[in-house]
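Working through the structure, step by step
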Amino acid sequence: QVQLVESGGGLVQPGGSLRLSCAASGSIFSVDSMGWYRQAPGKERELVASITGGGRTDYADSVKGRFTISRDNALNTVYLQMNSLKPEDTAVYYCNALMLAVGDGRGSYWGQGTQVTVSS
């Protein structure tokens, strides 16, 4: 079995920065696309940023120019650098990965979520 473990959330003031990390572990054959989603209370989960295995990135319009997604394929880890944070960024952030797991086949996996709170 495989799992995604994420970290880096916390409380920051508007204009501050946070860096989220999410590492895949277990019997992994390969990791394909990875991404970050967020969900605020009473809101639907939305895609924040994604990155393919080849490094192609995509961002929600609301975070373009402020957030940067990256990955370290050797570590099966995806990162989200968040700068110029706004109160509207407050949400639980979840990482996601499309992976080929040994014994489980290809599937979509989710991290446990990490809280990001932007408040003065």
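For the structure, see preceding data.
Summarised in this report is the structure supplied together with it. (Residues numbered from 1 in each chain as written. Predicted model: local features only at pLDDT ≥ 70, side-chain atom pairs only at ≥ 80, totals over all residues. Heavy atoms only, no water.)

On to the nonpolar core. In terms of nonpolar packing, the biggest core is built from 32 residues, with Trp36, Leu80, Met82, Tyr93 and Met99 touching the most fellow members. Broken down by secondary-structure element, the contributors of at least two residues to this core are β1 (2–7), β3 (18–26), β4 (28–39), β5 (46–51), β7 (67–72), β8 (77–82), β9 (91–101) and β11 (114–118). Other than its neighbours up to four places away in sequence, tyrosine 93 contacts Glu6, Leu20, Trp36, Tyr37, Arg38, Val48, Phe67, Leu80, Met82, Gly113, Thr114 and Val116. (Core = buried A, V, L, I, M, F, W, Y, C linked by side-chain atoms within 4.5 Å. Buried < 20%, exposed > 50% of the residue type's maximum accessible area, 1.4 Å probe, protein only. Helix = DSSP H or I, 4+ residues; strand = E, 2+ residues; numbered from the N terminus. Contact = heavy atoms within 4.5 Å.)

What follows deals with the side chain of arginine 38. On the secondary structure map, arginine 38 appears in strand β4. At a separation of 2.9 Å, a polar atom in the side chain of arginine 38 contacts the side chain of aspartate 89. A polar contact of 2.9 Å, which involves the side chain of arginine 38, links it to the side chain of tyrosine 93. With sequence-adjacent residues up to four places away left out, arginine 38 is seen in contact with Glu44, Arg45, Glu46, Val48, Ser62, Val63, Phe67, Glu88, Asp89, Ala91, Val92 and Tyr93. (Polar contact = N/O pair within 3.5 Å; in protein donor to acceptor, adjacent residues only side chain to side chain.)

In this section: the pairing of β5. With five bridges joining them, β4 and β5 adopt antiparallel strand pairing. Looking at the pairing, glycine 35 lines up with serine 50 of β5. If you look at the hairpin formed by β4 and β5, you'll find six residues sitting between the two strands, and glycine 42 has a positive phi there, around 75°. As paired elements, β5 and strand β6 (residues 57–59) share three bridges and run antiparallel to each other. Directly across from serine 50, in β6, lies its bridge partner aspartate 58. The turn joining β5 and β6, which pair antiparallel and follow one another in sequence, is formed by five residues; a positive phi near 100° is taken by glycine 55. (Pairing = 2+ DSSP bridges.)

Another aspect to go through is the packing of aromatic side chains. The geometry of two aromatic rings is summed up by the distance between their centres and the angle between their planes. Tallied over the full model, the rule gives one aromatic pair. The ring centre of tyrosine 94 lies 3.9 Å from the NZ or CZ of arginine 45, which sits over that ring. Geometry around tryptophan 110 places arginine 45 over its ring, the cationic atom sitting 4.6 Å from the centre. (Phe/Tyr/Trp six-rings, centres within 6.5 Å; stacked < 30°, edge-to-face > 60°. Lys NZ or Arg CZ within 6 Å of the ring centre and 35° of its normal.)

A word on the sheet that holds β3. Within a sheet, neighbouring strands are paired by backbone hydrogen bonds and run either parallel or antiparallel to one another. Strand order in the open sheet made by the four strands is β1-β3-β8-β7, with antiparallel pairing throughout. Across the chains shown, the open sheet's two edge strands, defined by having one partner strand only, are β1 and β7. On average, each strand axis in the sheet is inclined to that of its neighbour by 15°, with strand direction left out of account. In terms of strand pairing, β7 meets β8 through six bridges, oriented antiparallel. Its bridge partner lying in β8, arginine 71 is registered against valine 78. (Axes fitted to C-alpha atoms, helices over the stretch in contact; angles between N-to-C directions.)

Taken as a whole and assessed by the stated rule, the structure comprises five salt bridges. A salt bridge links arginine 38 to aspartate 89; its shortest N-O distance comes to 2.9 Å. Separated by 51 residues along the polypeptide, arginine 38 in strand β4 and aspartate 89 in the loop between β8 and β9 bring together distant segments of the chain. Summarising the burial analysis for this pair, arginine 38 and aspartate 89 share the class buried. The partner of aspartate 89 in a salt bridge is arginine 66, with the nearest N and O atoms 2.8 Å apart. Here aspartate 89, found in the loop between β8 and β9, pairs with arginine 66, found in the loop between β6 and β7; they are 23 residues apart in sequence, far enough to count as distant. The exposure classification of aspartate 89 matches that of arginine 66, with both residues buried. Within the structure, one salt-bridge network assembled from shared partners comprises Arg38, Glu46, Arg66 and Asp89. (Salt bridge = Lys/Arg side-chain N within 4 Å of Asp/Glu carboxyl O.)

Shape is all these values report; function is a separate question.
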